[in-house]
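Here is how the chains run, residue by residue.
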Amino acid sequence: MTSDRSRSSLPAGYRSRQLTADDRGALLDLDTWAFPDPHAVADFDELPLPLTWERAVGVEAEDAPGGGLAAIRASYPFAHFPVPGATLPTAGLTWVGVHPQHRRRGLLTAMIDDHLARCREPLSALFAAEAPIYGRFGYGKAADDLRISVPRGAALRDVPGAADHTVRVEHGDRASHGELVARLHQAPGMPAGPAGINRPGWATRESEALWESYWADPKSFRASGRESLRVVVVERDGEPRGYATFRRTMDWQVTGPRGTVHLGDVVALDAAAARALWGVLLDLDLMSSTDPFLLPVDDAVMSLLVDPRAAGARVTDNVWVRVVDVPAALAGRRYQADVDVVLGVTDARLPENAGAWRVRAAAFGEASCERTEAAPDLELDVRELGAAFLGGTSLAALAGAGLVVERSAGALAHASAAFGWPLAPACGWVF
Ligand SMILES: CC(C)(COP(=O)(O)OP(=O)(O)OC[C@H]1O[C@@H](n2cnc3c(N)ncnc32)[C@H](O)[C@@H]1OP(=O)(O)O)[C@@H](O)C(=O)NCCC(=O)NCCS
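Rules and cut-offs
Residues numbered from 1 in each chain as written. Predicted model: local features only at pLDDT ≥ 70, side-chain atom pairs only at ≥ 80, totals over all residues. Helix = DSSP H or I, 4+ residues; strand = E, 2+ residues; numbered from the N terminus. Rg over C-alpha atoms; globule rule 2.2 N^0.38 Å. Buried ≥ 20, exposed ≤ 12 C-beta atoms within 10 Å, placed from the backbone. Contact = placed C-beta atoms within 7 Å. Pairing = 2+ DSSP bridges. Domains from an automatic or database assignment. Near = placed C-beta within 6 Å. Nonpolar A, V, L, I, M, F, W, Y, C, P; charged D, E, K, R; others polar. Expected span 1.5 Å × (residues − 1). Arc of directions from axis to C-beta. Core = buried A, V, L, I, M, F, W, Y, C linked by C-beta atoms within 7 Å. Axes fitted to C-alpha atoms, helices over the stretch in contact; angles between N-to-C directions.

A word on the overall build of the chain
Here is step 1 of the chain: Per the secondary structure count, the chain includes ten helices and 23 strands.
Here is step 2 of the chain: In summary, the chain has a C-alpha radius of gyration of 23 Å against a globular reference of 22 Å for 431 residues, a match within 12%.
Here is step 3 of the chain: Along the three orthogonal principal directions, the C-alpha set of the chain runs to about 65 × 60 × 40 Å.
Here is step 4 of the chain: Within the chain, the proportion of its 431 residues that are buried is 44%.
Here is step 5 of the chain: Sequence-distant contacts in the chain: of pairs separated by 6 or more residues, those separated by 24 or more amount to 74%.

Shown next as structure tokens:
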């Protein structure tokens, strides 16, 4: 892939510069302009910033030197972002914001083009503050997640071995739990999948700064009356097999206490540990419901609940993926069925991705992707390739919306089967 990608420039009157740790105050000020927050910037003094500063860029108005930032963006250098059957280097786009004074002048567009031009990773991924923003830049909605609220005491199906676990309920801190959380979070198949099948999108925090931020517990995090960070660990034969982080809120009603358990991670190495963990989380005194933050759409709890309807499941978009380097990305994942297909790809922003690509792979084995003169079997935009990349969005479903076009009879069914994956993609934390 060539690297001299053209960059759309900033609108007249603006210039960009790399940010450093000295820009912390200006960055937080811009961030709280973009994302309104009840706290003053000074309230964040105890908050460690998880940024990789070399990848943080600010935009300033040229006629307002020292007048604050007009826009910011940064990216996390994920070296091992999970994709079907493998991991790929991925730029996690984050901290994107434009000051309301400077919006709708093309600053975001210029920042994204610069991000894609500088991207050395074959993928870029992000969480979108608003879903309509990023499709125009070639990002596809690659995963959904579940939002549920489970009534206290909801019945769970039995799993042999669940009763063999012991439980620790403790204040959460890095010294006590840092090692076990880091280890269990990145085990294959998490948050509760079978070992041996990875979960696409399940990024772990790869940098010290991100872990430091994960364990930080400043007062500004305790919005809406939440308590400090707590951890449940389930152990079998003295070995941790699962953990969950949570913060409770209290709500005293005349009819009785109606507190809520707000969950963070819920991670278990096997089905018995998941059953033991959820058994604890759904039966905490004075609580009336347990609310996970986000879960994969196929999370084990939905199969364990006797009455899954009572959890009131809603689905929302999780991680968005932008294929930056088509051949490296398509050869870098695995496929769940044999495949030999020619994809005709369009890409308005990165023209080197456009054209016909032949993808060949054996089920769960090595894959290749080469440019070809052959006629495409399927045609799609790079945005749809991103949507399908983690295996969570079916090419056939996209064809149903007219977004993938089948040119060779039968190619759609075969390619859709191959591009899928046994576990639904999801990232367990918003970056
Ligand atoms: C979203 C945001 C970054 C957009 O920045 P911006 O500099 O105004 O964007 P641009 O001027 O480059 O707009 C590019 C295009 O995207 C569209 N767009 C921008 N924000 C949009 C939004 N929230 N919803 C729908 N479309 C949007 C613009 O209308 C424009 O469309 P056009 O090319 O058809 O005219 C900015 O409004 C912002 O900071 N919002 C609050 C924080 C936020 O949501 N950050 C994103 C975090 S993931």
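Continuing now.
Section: the sheet that holds strand β17 (residues 314–317)
Two orientations exist for strands paired in a sheet by backbone hydrogen bonds: parallel and antiparallel.
Here is step 1 of the chain: Strand order in the open sheet made by the three strands is β16-β7-β17, with antiparallel pairing throughout. Each edge of the sheet is formed by a strand with only one pairing partner; in this case those strands are β16 (295–296) and β17.
Here is step 2 of the chain: Of the strand pairs in this sheet, strand β7 (residues 144–147) and β17 are connected by four bridges, and their pairing is antiparallel. Of the residues in β17, the one forming a bridge with D145 is T316.

Quick notes on the domain arrangement of the chain
Here is step 1 of the chain: Structurally, the chain comprises domain 1 (14–121), domain 2 (146–316) and domain 3 (324–419).
Here is step 2 of the chain: Measuring from the centre of the C-alpha atoms in domain 2 to the corresponding centre in domain 3 gives 36 Å.

Concerning the site of the ligand
Here is step 1 of the chain: Among the 17 residues in the neighbourhood of the ligand, the closest are listed as R103, L107, L108, T109 and A129.
Here is step 2 of the chain: Broken down by secondary-structure element, the contributors of at least two residues to the shell around the ligand are β4 (86–98) and α2 (107–118).
Here is step 3 of the chain: Looking at the shell around the ligand, its residues break down into ten nonpolar, three polar and four charged.

Quick look at helix α3 (residues 174–185)
The periodicity of an α-helix, 3.6 residues per turn, causes residues three or four positions apart to be oriented the same way.
Here is step 1 of the chain: The first and last C-alpha atoms of α3 sit only 14 Å apart over twelve residues, clearly below the 16 Å expected at 1.5 Å per residue.
Here is step 2 of the chain: Residues of α3 that are buried: H177, V181 and L184. Seen end-on, α3 carries its buried residues on one side only, within an arc spanning 70 degrees. Those residues of α3 that are exposed and aimed more than 90 degrees away from the buried face are A175 and E179.

A closer look at the environment of G178
Here is step 1 of the chain: Counting through the fold element by element, G178 comes out in helix α3.
Here is step 2 of the chain: Overall, the presence of 15 C-beta atoms within 10 Å leaves G178 in the partly exposed class.
Here is step 3 of the chain: Here the alpha-carbon distance between G178 and I112, two residues 66 residues apart in the chain, equals 34 Å.

Considerations on the nonpolar core
One broad trend across soluble globular proteins is that nonpolar side chains are buried collectively.
Here is step 1 of the chain: V232, L277, L281, V321, V323, L378 and F389 are the most contacted members of the largest nonpolar core, which has 118 residues in total.
Here is step 2 of the chain: Among the elements that take part in this core, helix α5 (residues 271–281) stands out by supplying eight residues, more than any other.

Observations regarding the sheet that holds strand β9 (residues 166–171)
Here is step 1 of the chain: The sheet built from six strands is open, its strands ordered β8-β15-β14-β11-β10-β9 with mixed pairing. Looking at which strands have only one partner, the edges of the open sheet turn out to be β8 (150–151) and β9.
Here is step 2 of the chain: Lying on the sheet, α3 is in contact with β9, β10 (230–236), β11 (239–249) and β14 (259–268); it crosses β11 at an angle near 110 degrees.
Here is step 3 of the chain: Contacting β9, β10, β11, β14 and β15 (287–291), α5 crosses the sheet at an angle of about 25 degrees to β11.

So, the environment of D43
Here is step 1 of the chain: By the element assignment, D43 lies in the loop between α1 (24–34) and β2 (56–61).
Here is step 2 of the chain: Residue D43 is classed as partly exposed on the basis of its C-beta count, with 15 C-beta atoms lying within 10 Å.
Here is step 3 of the chain: Measuring from C-alpha to C-alpha, the distance between D43 and S220 comes to 6.7 Å, with 177 residues separating the pair along the chain.

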